[in-house]
Structure formats: structure tokens, C-alpha cells
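Descriptive structure summary
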Amino acid sequence: MKIIQSYWSKPSRINKASFNDKAYGGWRHKKYEYMSWALSCLTLKKFYPDIEVVTDLAGKKLLIDQLELPYKNVRIELDCLDKYPEELWAVGKLLAYGLQDEPFIHVDNDIFIWEKFSAKIEKAQLVAQHVDDEETHYNFAMDHLKTNNIQIPSILLKDLRRYNKYNASNAGIIGGNNIDFFKEYVKEAFDFIDSQFGKTHKTIIGSSCAIIYEQYLYSALARKNTIKICHLFEEKEKKTMNLVNFMNKYGRKKYVHLYSFSKFFPEYCRELEHQLLLEYPEYHERIISLIKDELNN
């Protein structure tokens, strides 16, 4: 199974009051963004030596030239996305999915593993992290888009009428063996984004857009095509597992995902730094040196 990561640098490079959704990748300071990239790549590399990153020129400068992360393959493909506003931060992931011509799993850069994914995950037609049953988030997101005059695709409206719930999948990991599905899915997602592009403006909340055009669309299209999504964590596991706890590295599923607002909590940032210092001290030293150089320039 091919493991890929992606980095569209434009959202991360924006640091301003009007846009803080993904400035520094959502972290409280850019040093933690760098540390997250390092620990994620390095823990994945232990089990998947051919790991690939899809990025842009600025991303290549950071990840490869400065951080010296050991990606086997680097694809500089995402500069074409700079026409999109930074609020649409997930388009980099979408394009990375669409570029793939062989089975893959895309892993977000705030995920860390200490074992391979199971054969069940690697052989599945479609995979995702878990069923995202936070219905209030999706209700808010859908209302937010409608308030901003965004026309919702008919496939989503039909799915919602049929099931009366969103039943989406978290895209911390996403991928599978069905490449034809991903070609269709990415086209549907960009058709939606491009048809509404002229309506986007600075009041749009990027994460509310992303959970609709990335996560909900993925799940709804899979249901339309009667393809089962295999989840890394099934419903009972998700309810009992604290995904942000680094003690998971010693548990049954050795997997940590510092998602959403956990990136802004000092305790999780400190633990991330501790883990990097413990396992890869040379990368910690490199990042601290880079941060000091940036502050002095």
C-alpha cells in the first residue's frame, strides 16, 4: 500500500486575524507545525519506506530542503491551486487524491503511527478514519454554506433526505484500492467548489466547507455507488479511544491523531515536542535552529 501526504502551503503561510483556521496548519505556533510534519513523516516511514508527499514549491523548500524529511518521492503539483482562497484549505488534499493511479492511503500530517495499518485496511476498496457522527457540526456547516448562498450539490441533498443524517467519514486517513472511485469523487468535489467559487468570501469558515465537500461528499458518493467504507476505528472503538493521547503508542492500536482544536492546547503541543525529542532528537534540533533563523530574518 502506497502512503501519501500532502501540503498546500498557502493556507499555512497566511497569518492574519481574518484567517486563523489553518494558519500554521492550525497549530498554536509554527514550530509545532514543523514538529508535527517531522514526527508524522518519520513514524510512517518506519513501516512504509516509499512514502510520497504532494506539495508546492514553498512546501518542498520547507519539508525537503529545510526539514530534510525522508520522503521517497516528492511531487510538486499544488502551485496550480493558488487561485483558490486559503479558506478552501482541503483542496490540496483533494488534488493529491486525484493524482493517484495506484492504491493509496492519504495520511494527514497530524497523525502518528507505531505499527502498520491492518491488512483489512490495506485491502479495502475505500478507507477512512472513523464514522464522524458529530451531527451538530454538519448541521452548522450546511446552514453556514446556505447562509452564504452556496448551492449544495444534489447528491448531498438526496442523501440527506434519504437517511435523515449526515453519516460522514473522518478523512484523517482516506484512500483505498478503488482508484476509479477517487477520480469520480475528486471531479465531483472540484465541480462543486468551482461552480461556487465566485461566491466564496472572507466570511466563509474553511473547516465548515471542508467537512461538506471532502468528508460528507466522500461518504455520500460511496453510498450512491454502493461501496462500503472500511474504517480504521469502528463505532465502538471510536467511542472508547482517545485519539489525541500519546499513550496509544503502547496500546492495541498504536495511532494518534491531534485533530481539530487539540493543536491549540499547550499540553498536546508539549507532548508532541516531547515525542519528537525522545524519538528523533536530530530533527528537534533542526527545527529549533530553523525557528531561530526565521525569527532573526
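Each remark here, short or long, concerns the structure printed above.
The sections below set out a description of the structure shown in this document. Keep in mind that what you see is a predicted model, and the values were worked out from it rather than measured.

With that settled, consider the overall build of the protein chain. A count of helices and strands for the protein chain gives twelve helices and ten strands. For a compact globule of 297 residues, the expected C-alpha radius of gyration is about 19 Å, and the protein chain comes in at 18 Å, within 12% of that figure. Dimensions of the protein chain, computed from C-alpha atoms along their principal axes, come out at roughly 55 × 40 × 35 Å. For the protein chain, the exposed surface amounts to about 13600 Å²; the carbon and sulfur share of it is 52%. Of the side chains in the protein chain, 42 bear a positive and 41 a negative charge, and the two mean positions are spaced by 3 Å.

The subject of this paragraph is the side chain of Thr43. Structurally, Thr43 is set in helix H2 (residues 30–47). A polar atom in the side chain of Thr43 sits 3.4 Å from the backbone nitrogen of Ile113. With residues near it in sequence (within four places) discarded, Thr43 still touches Phe112, Ile113, Trp114 and Tyr280.

This brings us to the pattern of salt bridges. For the coordinates displayed, the defined rule picks out 17 salt bridges. Its salt-bridge partner being Asp101, residue Lys183 comes within 3.2 Å of it at the nearest N-O pair. Of the two residues, Lys183 is situated in helix H8 (residues 179–195) and Asp101 in the loop between helix H4 (91–98) and strand S4 (104–107); the sequence distance between them amounts to 82 residues. Among the residues examined, Lys183 registers a relative accessible area of 32% and is labelled partly exposed.

Residue position: Ser6 is located in strand S1 (residues 2–7). Among the polar contacts made by the side chain of Ser6, one reaches the side chain of His106 at a distance of 2.7 Å. Excluding residues that lie within four positions of it along the chain, Ser6 makes contacts with Trp37, Val54, Gly92, Lys93, Ala96 and His106.

This next bit is on the packing of aromatic side chains. Going through the model one piece at a time under the given rule, you end up with 19 aromatic pairs. An angle of 50° between the planes, with centres 6.1 Å apart, marks the rings of Tyr84 and Phe190 as tilted. Here Tyr84, found in the loop between strand S3 (73–76) and H4, pairs with Phe190, found in helix H8; they are 106 residues apart in sequence, far enough to count as distant. An angle of 75° between the planes, with centres 6.1 Å apart, marks the rings of Tyr97 and Phe182 as edge-to-face.

Time to look at the layout of surface pockets. One water molecule sets the probe size; rolling that probe over the atoms shows where empty space is left. The calculated volume of the second largest pocket comes to roughly 280 Å³. Among the elements that line the lining of the second largest pocket, the one with the most residues is helix H3 (residues 57–66), at five residues. In terms of residue class, the lining of the second largest pocket is made up of five nonpolar, four polar and five charged.

In this structure, Tyr185 and Tyr213 are the most contacted members of the largest nonpolar core, which totals 52 residues. Mapped by element, the contributors of at least two residues to this core are H4, strand S6 (126–132), helix H6 (135–147), helix H7 (154–163), H8 and helix H9 (206–224). Here this core takes eleven residues from H9, the largest share from any one element. If we skip the residues at most four places from it in the chain, Tyr213 touches Leu88, Trp89, Ala90, Val91, Leu94, Tyr185, Ala189, Phe192 and Ile193. Counting 49 residues, the second-largest nonpolar core is a separate cluster that includes Val107, Phe117, Phe246 and Ile287.

The rules we used
- Within every chain, residues take consecutive numbers counted from 1 along the sequence as written.
- In keeping with the predicted nature of the model, local features appear solely for residues at pLDDT of at least 70, side-chain atom pairs appear and are counted solely at 80 or more, and the whole-chain, interface and lining totals rest on all residues.
- Hydrogens and waters are ignored; side-chain quantities use all the structure's heavy atoms.
- Secondary structure elements follow DSSP: runs of H or I no shorter than four residues count as helices, runs of E no shorter than two count as strands, and numbering proceeds from the N terminus.
- C-alpha atoms define the radius of gyration in this analysis, and the globule rule sets the expected value at 2.2 Å times the number of residues to the power 0.38.
- Accessible surface area values rest on a Shrake-Rupley calculation with a 1.4 Å probe, where residue burial reflects the displayed protein chains alone.
- His is not counted, nor are the chain ends, whereas Lys and Arg count as positive and Asp and Glu as negative.
- In this description, the location of a charge corresponds to atom NZ of lysine, CZ of arginine, CG of aspartate or CD of glutamate.
- We define a polar contact as two N or O atoms separated by no more than 3.5 Å, with the added condition that, inside protein, one atom must be a possible hydrogen donor and the other a possible acceptor, whereas residues neighbouring each other in sequence contribute only through side-chain atom pairs.
- By the convention used here, residues are in contact when the closest approach between their heavy atoms is within 4.5 Å.
- Definition used for salt bridges: Asp or Glu carboxyl oxygen within 4 Å of a side-chain nitrogen of Lys or Arg.
- Here the term buried applies to any residue with accessible area under 20% of the maximum for its type, exposed to any over 50%, and partly exposed to those in between, with areas from a 1.4 Å probe on protein chains only.
- Between the rings of Phe, Tyr and Trp (Trp by its six-membered ring), a pair exists once the centres lie within 6.5 Å; its type follows the angle of the planes, with under 30 degrees stacked, over 60 edge-to-face, and the other angles tilted.
- Here a cavity denotes a set of grid points, spaced 1 Å apart and computed over the protein atoms alone, in which a 1.4 Å probe fits but from which it cannot get out, and a pocket denotes an open set meeting protein on both sides within 12 Å along at least five of seven lines; residues with an atom within 4 Å of a point are reported as lining.
- Grid points are joined across faces, edges and corners, and a volume is the space filled by probe spheres set on the points.
- Any residue that is not Ala, Val, Leu, Ile, Met, Phe, Trp, Tyr, Cys, Pro, Asp, Glu, Lys or Arg is counted as polar, Gly included; the first ten are nonpolar and the last four charged.
- The nonpolar core is taken to be a set of buried Ala, Val, Leu, Ile, Met, Phe, Trp, Tyr and Cys residues, with the residues joined through side-chain atoms within 4.5 Å.

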